[in-house]
Amino acid sequence: MDTVACSASNLSPLLGGAANATAAAEYICGRFEAVSNKFVDTGYAIDNTYLLFSAYLVFVMQLGFAMLCAGSVRAKNTMNIMLTNVLDAATGGLFYYLFGFAFAFGNPSNGFIGKHFFGLEAFPSPSFDYGYFLYQWAFAIAAAGITSGSIAERTQFVAYLIYSSFLTGLVYPIVSHWFWSSDGWASPTRTDNNLLFGSGVIDFAGSGVVHMVGGIAGLWGALIEGPRIGKFDHNDRPATMRGHSGTLVVLGTFLLWFGWYGFNPGSFVYILKTYGESGSYYGQWSAIGRTAITTTLAGCSAALTTLFGKRLIAGHWNVTDVCNGLLGGFAAITGGCSVVDPWAAIICGFVAAWILIGCNKLAEKFKYDDPLEAAQLHGGCGAWGVIFTGLFAKESYVNEVYPGKPGRPYGLFMGGGGKLLAAHIVQILVITGWVSVTMGTLFWLLNKLKLLRISTDEEMAGMDLTSHGGLAYAYHDDLDSTQKGGFIMA
């Protein structure tokens, strides 16, 4: 933050040249500098408080994932999926602390991987404070939480621990380094201004970095271990395997919606920043508000499109489909939320809803089973969000959010040419390739070592009973307990 200097030698003549003018000037400048430093301290405190609050909001999304996952699986696997969500956060915390943050943001480094701040050594620094680590950790465990939904109800517990550690400690951090670090080869904020196609990739809060990574990892896990028993009949027709609680699904969706206001607007990191001259009503705080609006409108548009689209296709109003459509809109707008107009966000959500519906149709055709539609939602809608930004990014917003490079390319449909879109196509290809090679290989090895899928008997009985000491829900008929005893419902 800039400071205003006070020079006693310049001030002294203005005090009339009295004998004590120099001492008075030094005293005044000393007080002025003390007040100025207090304003600098206040600025850092405001920005760090904003970032910490955003980190807390993003962490609340873990509770949202847990509720959404629990409601989307059958009751006999509730404790299992809840425990995996807890361990995504716990395992991710340790591995992101030890390795992940260093691989992602350990500058100075090369374009592929970071190499400083292992175990937060030499922290805080002029570049990063502790709040930034907490915020990025919350992002990392969100990616792991996406993957857990794809492989729910049939995966060995040890496999969850292994993949979550690998994803948060290596796979995700390297991707975030490529697109978010100031040294990343495709970052729009490279310090040397040697930008991919002259623009770098504008993936502001992670349609590609977070959602595609988690979705593609889940895709490979679910493909390699195959569908749940009973999902497809002998004629390859899909059977309905509904989750046991629409209430938990809706609760989880609203918690995720709430957390997204930390996920997208919080990615500005700083709030106390002006655009142009100081003293204006318009600054980064305005861009943060606009980002919250674009996020909201994309989700709302996707939810309503899914509601009426599924009504036309299936003939009923389905709350689970609407919740997934809403989240698909959020996943899509995440990449471009800061650089598009609100009207464009409505288009983003509308298209995202149809992409999710189309991906689910393809999943049925190819006998792909994803209990939470996580790969379709986060992978498919996330990829659309990457493309969307390359089409609709607005010039003035791009220059405000990514300053310092006049003439930077912007959205194709907004008159900015095709360079930004080309960079974003590259992003989709490299994320797909990297995650497929790393996570696909890991799931393949776990499957070969018989560490991936549970046995048929365990799957039929449910993992709560076989692995976690009992079912999640126990109901006792107290009025007739002397005659019938207690009973447990799955």
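Please read all numbers here as calculations on a predicted model, not as lab measurements. (Residues numbered from 1 in each chain as written. Predicted model: local features only at pLDDT ≥ 70, side-chain atom pairs only at ≥ 80, totals over all residues. Heavy atoms only, no water.)

**Q** I'd like to hear about the packing of aromatic side chains, residue by residue, with values.
**A** Any two aromatic rings considered together are summarised by their centre-to-centre distance and by the angle between their planes. According to the stated counting rule, one finds 40 aromatic pairs in the structure shown. With a centroid separation of 5.8 Å and 55 degrees between ring planes, the pair formed by Trp 384 and Phe 388 is classed as tilted. One end of the pair is Trp 384 and the other is Phe 388, both in helix α11 (residues 374–392) and four residues apart, which spans about a single turn. We note that Trp 384, like Phe 388, is buried. Clustering of aromatic rings is evident, with ring pairs tying together Tyr 96, Phe 101, Phe 105, Phe 117, Phe 123, Phe 128, Tyr 130, Tyr 132 and Phe 133. (Phe/Tyr/Trp six-rings, centres within 6.5 Å; stacked < 30°, edge-to-face > 60°. Helix = DSSP H or I, 4+ residues; strand = E, 2+ residues; numbered from the N terminus. Buried < 20%, exposed > 50% of the residue type's maximum accessible area, 1.4 Å probe, protein only.)

**Q** Describe the side chain of Asn 77, with residues and values.
**A** Within the secondary structure layout, Asn 77 lies in the loop between α2 (21–72) and α3 (78–105). The contacts of Asn 77, once residues within four sequence positions are left out, are Glu 153, Gly 462, Met 463 and Asp 464. (Contact = heavy atoms within 4.5 Å.)

**Q** So what about the pattern of salt bridges? Which residues, and what values?
**A** Summed over all chains, the structure comprises 10 salt bridges. Between Asp 192 and Arg 190 there is a salt bridge, and its shortest N-O distance comes to 2.7 Å. Residue Asp 192 is classed as partly exposed on the basis of its relative accessible area of 45%. A relative accessible area of 16% places Arg 190 in the buried class. Ionic pairing is found between Asp 236 and Lys 367, a salt bridge with its closest N-O pair at 3.1 Å. With Asp 236 in the loop between α6 (207–225) and α7 (246–263) and Lys 367 in the loop between α10 (342–365) and α11, this pair connects stretches of sequence that are 131 residues apart. The exposure class assigned to Asp 236 is partly exposed, which follows from its relative accessible area of 41%. Several salt bridges share partner residues, and in doing so they unite Arg 74, Glu 153, Arg 228 and Asp 369 into one network. (Salt bridge = Lys/Arg side-chain N within 4 Å of Asp/Glu carboxyl O.)

**Q** With reference to specific residues and values, describe unusual backbone geometry.
**A** Cis geometry marks the peptide bond from Asn 107 to Pro 108; its omega dihedral reads -5 degrees. Relative to the assigned elements, Pro 108 resides in the loop between α3 and α4 (130–150). With an omega dihedral of -5 degrees, the bond running from Phe 123 to Pro 124 counts as a cis peptide bond. Looking at the secondary structure, you find Pro 124 in the loop between α3 and α4. You will see that Leu 120, though not glycine, has its phi angle at about 55 degrees, which is positive. Looking at where Leu 120 falls in the secondary structure, it is placed in the loop between α3 and α4. In the Ramachandran plot, Phe 197 falls in the positive-phi region, its phi being about 55 degrees despite a non-glycine side chain. By the secondary structure assignment, Phe 197 is in the loop between α5 (157–180) and α6.

**Q** Could you give an account of the nonpolar core, naming the residues involved and the relevant values?
**A** Counting 118 residues, the largest nonpolar core has Phe 101, Tyr 172 and Val 210 as its most contacted members. With 12 residues, the top contributor of residues to this core is α4. If we skip the residues at most four places from it in the chain, Tyr 172 touches Tyr 96, Gln 136, Phe 139, Ala 140, Ala 143, Leu 167, Trp 180, Val 209, Val 210 and Val 213. (Core = buried A, V, L, I, M, F, W, Y, C linked by side-chain atoms within 4.5 Å.)

**Q** Give a description of the packing of α6 against helix α13 (residues 419–448) that names residues and reports values.
**A** Across the interface, α6 lies against α13 with an axial gap of 8 Å and an inter-helix angle of 35 degrees. For α6 against α13, the interelement crossing comes out right-handed. Residues Gly 208, Val 209, Met 212, Val 213, Ile 216, Ala 217, Trp 220, Gly 221 and Ile 224 of α6 touch α13, and the partners they reach there are Gln 427, Ile 428, Ile 431, Thr 432, Val 435, Ser 436, Met 439, Gly 440, Phe 443, Trp 444 and Asn 447. Residues of the contact of α6 with α13, tallied by class, amount to 13 nonpolar, seven polar and no charged. (Axes fitted to C-alpha atoms, helices over the stretch in contact; angles between N-to-C directions. Left-handed = near helix turned anticlockwise from the far one by under 90°. Nonpolar A, V, L, I, M, F, W, Y, C, P; charged D, E, K, R; others polar.)

**Q** Describe the packing of α7 against helix α9 (residues 319–333), naming the residues involved and giving the relevant values.
**A** Two elements in contact, α7 and α9, have axes whose closest approach is 10 Å; the angle formed by their N-to-C orientations is 15 degrees. Of the possible angle classes, the one that applies to α7 and α9 is roughly parallel. Read as a crossing pair, α7 and α9 show a hand that is left-handed. Between α7 and α9, the contacting residues are Val 249, Val 250, Thr 253, Leu 256, Trp 257 and Trp 260 on the first element and Val 319, Thr 320, Cys 323, Leu 326, Leu 327, Phe 330 and Ala 331 on the second. Of the residues belonging to the contact of α7 with α9, the class tally is 11 nonpolar, two polar and no charged. (Parallel < 35°, antiparallel > 145°, perpendicular 65-115°, else oblique.)

**Q** Break down the environment of Lys 273 for me, with residues and values.
**A** Looking at where Lys 273 falls in the secondary structure, it is placed in the loop between α7 and α8 (284–314). Residue Lys 273 is classed as partly exposed on the basis of its relative accessible area, which comes to 31%.

**Q** Provide a residue-level description of the side chain of Ser 148, including the pertinent values.
**A** If you trace the backbone, Ser 148 turns up in helix α4. Residue classification places Ser 148 among the buried positions, given a relative accessible area of 0%. In this structure Ser 148 touches Ile 81, Thr 84, Asn 85, Asp 88, Tyr 160 and Tyr 163, once residues within four positions along its chain are discounted.

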